[in-house]
Amino acid sequence: MFEKVLIANRGEIALRVHRACQEMGIRTVAVHSTADANAMHVRLADESVCIGPPPARDSYLNIPAILSAAAITGADAIHPGYGFLSENAEFASIVEQHGIAFIGPSPDHIRMMGDKIEAKRTMARLGVPLVPGSDGPVDTIEEAEAVARRIGPPVLIKAAAGGGGRGMKVARTIEDVADAFRIARTEAKAAFGNDAVYMEKYLDRPRHIELQVLADTHGNVVHFGERDCSLQRRHQKLVEEAGSPALDAAERDRLGATVTAALREIGYRNAGTLEFLYQDGQFAFIEMNTRLQVEHPVTEMVCGVDLVREQIRIAAGIPLGFGQDEIRFNGHAIECRITAEDPDTFLPTPGKVTTYHAPGGLGVRVDSALYAGYTVPPYYDSLVAKLVVHGADRAMALMRLRRALEEFVIDGIATTLPLHRRIVEDAEFGAGDYTIHWLERFVARGPEPESA
Ligand code: ADP
């Protein structure tokens, strides 16, 4: 087993990885920008190294600085968390070339799934169902219009290198395709340095359902059931549940069998998530994330597994200690992503947290790097806390979520806590009756006027 793990990340996920390491008797190295000198991940880690100035490209994305930090401290493995370098195949490959274990998939699989066109081709070959769309990249307006005529509008033009919900444009009619195509290409080039785009049928009422998998280096692949991440704003997730209110055990088992067989076939290793749209009883693959996801705790709560611990064990070459039959789905879990954003305008609200009081009690988990007196810097992702609740069933989880949201106090900066308090009171959400378009409409409606 590793003796020292360098955590190439910040915020709650750096803490998450640190905690798993501590429980395994592994020492940790935090890296941080000058803006994060007082951050909780730096305080908790056994050692810390400053790797650069505030902008992420100079610090958390600075590969030479991170490798130097690993060399100086003698770390024998690196966990990338999510975001930053977690899906950078070159980083994974350089880490391995330096004789340090990368806690994640092989560089080849990261590269394969990072190109969404290649990912879809691979999954199609392995018998995983896809959203109807172009067979590969779409290079010209004429081609885009031909695809749109074949699959029928509305269509979605997506960046091959896309991520974080960016680089996507809807064309409602054939006439809209030319403009959408041009804009998508330009945006893709600007955001990802790659203007390759492809097309999909734009589904009007799907749910986003994803499957968590783990694969060891001995050919064992298991899944931990689904997460429903349909509650999104601008294609970004805000609330996630395990399991999905829309899925039964038979459908989960069927999807799980297809996915694990596919990953066994390509020799995948470590953690991964396959994302699907689910509409009219049909699953359609959209992409695979080759890393730990923000919403992994809901799966941990339901399956009673520590996914980060398993990732570390797999990277150390240890076989999975359980088979698919031993994975049980127990009760229901819900996660709220609480961000430092105005709950109405969603403008970022960095600044000093004056009071911080996290909820507790049975079935409540808070993953956060906040503390009273901490200043949320303006340079990074606005996620400041994940509130995760577990209950014997969805109704119990909802009651618990309601009371935990009431208990939660973050003062000094505006957060999305009020929005989450409104969502949990909503009858449609309560009934589990929503699609990926639900939250945008809910947000657009705004809060009910307060009665005098
Ligand atoms: P990213 O990598 O940027 O997150 P995804 O391909 O995972 O992009 O899509 C993000 C979200 O966009 C999905 O969860 C879904 O809400 C929406 N979306 C993606 N593809 C489609 C589609 N074909 N039809 C409707 N919505 C889609």
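Structural data are supplied above this passage.
Residues numbered from 1 in each chain as written. Predicted model: local features only at pLDDT ≥ 70, side-chain atom pairs only at ≥ 80, totals over all residues. Heavy atoms only, no water.

### Some thoughts on the overall build of the protein
Working step 1: The secondary structure content of the protein amounts to 15 helices and 20 strands.
Working step 2: For the protein, the C-alpha radius of gyration of 21 Å lies close to 22 Å, the compact-globule estimate for 452 residues.
Working step 3: Considering only C-alpha atoms, the protein reaches an extent of 65 × 60 × 45 Å along its principal axes.
Working step 4: Working note: accessible area of the protein is about 18100 Å², and carbon and sulfur atoms make up 49% of it.
Working step 5: Here the protein carries 48 positive and 62 negative side-chain charges, and the mean point of each set is 1 Å from the other. (Helix = DSSP H or I, 4+ residues; strand = E, 2+ residues; numbered from the N terminus. Rg over C-alpha atoms; globule rule 2.2 N^0.38 Å. Areas by Shrake-Rupley, 256 points an atom, 1.4 Å probe, with all protein chains shown as cover. Lys, Arg positive; Asp, Glu negative; His and termini not counted. Charge placed at Lys NZ, Arg CZ, Asp CG, Glu CD.)

### A short note on the site of the ligand
Working step 1: In the vicinity of the ligand there are 22 residues, among which Gly165, Lys201, His208, Gln232 and Glu287 approach most closely.
Working step 2: Within the side chain of Lys116, a nitrogen or oxygen atom sits 3.0 Å from an oxygen atom of the ligand.
Working step 3: Contact distances for the ligand include 3.0 Å between a nitrogen atom and a side-chain N or O atom of Lys158.
Working step 4: About the coverage of the ligand: the protein hides 96% of its 560 Å² of free accessible area. (Near = heavy atom within 4 Å. Polar contact = N/O pair within 3.5 Å; in protein donor to acceptor, adjacent residues only side chain to side chain.)

### Overview of the nonpolar core
Working step 1: Ranked by internal contacts, the top residues of the largest apolar core, which has 41 residues, are Leu387 and Ile423.
Working step 2: Among the elements of the structure, helix H2 (40–44), strand S11 (236–242), strand S14 (332–339), strand S19 (383–391), helix H12 (394–407), helix H13 (417–425) and helix H15 (438–445) are those that each provide at least two residues to this core.
Working step 3: Sort the elements by how many residues they give to this core and H12 lands first, with five residues.
Working step 4: Residues within four places of Leu387 in sequence aside, it is in contact with Ile334, Glu335, Cys336, Ile338, Pro359, Val364, Arg365, Val366, Leu401, Ala404, Leu405 and Phe408. (Core = buried A, V, L, I, M, F, W, Y, C linked by side-chain atoms within 4.5 Å. Buried < 20%, exposed > 50% of the residue type's maximum accessible area, 1.4 Å probe, protein only. Contact = heavy atoms within 4.5 Å.)

### As for the environment of Ala178
Working step 1: Along the chain, Ala178 falls in helix H8 (residues 177–192).
Working step 2: Sequence separation between Ala178 and Ala188 is ten residues, and the spatial gap between their C-alpha atoms is 15 Å.
Working step 3: Ignoring sequence-local partners within four residues, the contact set of Ala178 consists of Ile141 and Glu145.

### Re the sheet that holds strand S2 (residues 27–33)
Working step 1: Strand order in the open sheet formed by five strands is S3-S2-S1-S4-S5, and the pairing between neighbours is parallel. Whereas interior strands pair on both sides, the edge strands pair on one side only; in this sheet they are strand S3 (47–52) and strand S5 (101–102).
Working step 2: Inspection of the sheet shows strand S1 (residues 4–7) paired to S2 by four bridges, in the parallel sense. When the sheet's bridge partners are listed, Leu6 is paired in S2 with Val29.
Working step 3: Along the sheet face, helix H3 (residues 63–73) touches S1, S2, S3 and strand S4 (77–79) and points at about 155 degrees away from the line of S3. (Pairing = 2+ DSSP bridges. Axes fitted to C-alpha atoms, helices over the stretch in contact; angles between N-to-C directions.)

### Points about the side chain of Glu341
Working step 1: Tracing the sequence through the fold places Glu341 in the loop between S14 and strand S15 (351–352).
Working step 2: Among buried charged residues, Glu341 stands out as having no salt bridge; its nearest opposite-charge side chain is Arg233, 5.5 Å away.
Working step 3: At 2.8 Å, the side chain of Glu341 and the side chain of Thr339 are in polar contact.
Working step 4: Polar side-chain contacts of Glu341 include one of 3.4 Å to the side chain of Ser382.
Working step 5: Not counting residues within four places of it along the chain, the set of residues in contact with Glu341 comprises Phe346, Leu347, Pro348, Thr349, Ser382, Ala414, Thr415 and Thr416. (Salt bridge = Lys/Arg side-chain N within 4 Å of Asp/Glu carboxyl O.)

### Some details on unusual backbone geometry
Working note: non-glycine residues mostly have negative phi, and peptide bonds are mostly trans.
Working step 1: In this chain, Pro153 is followed by Pro154 through a cis amide linkage whose omega measures -5 degrees.
Working step 2: Tracing the backbone shows Pro154 in the loop between helix H7 (141–151) and strand S6 (155–163).
Working step 3: Following Ala242, the chain continues into Gly243 via a peptide bond in cis, with omega recorded as -5 degrees.
Working step 4: Among the structural elements, Gly243 can be located in the loop between S11 and helix H9 (249–266).
Working step 5: Despite not being glycine, Asn270 has its phi angle at roughly 75 degrees, a positive value.

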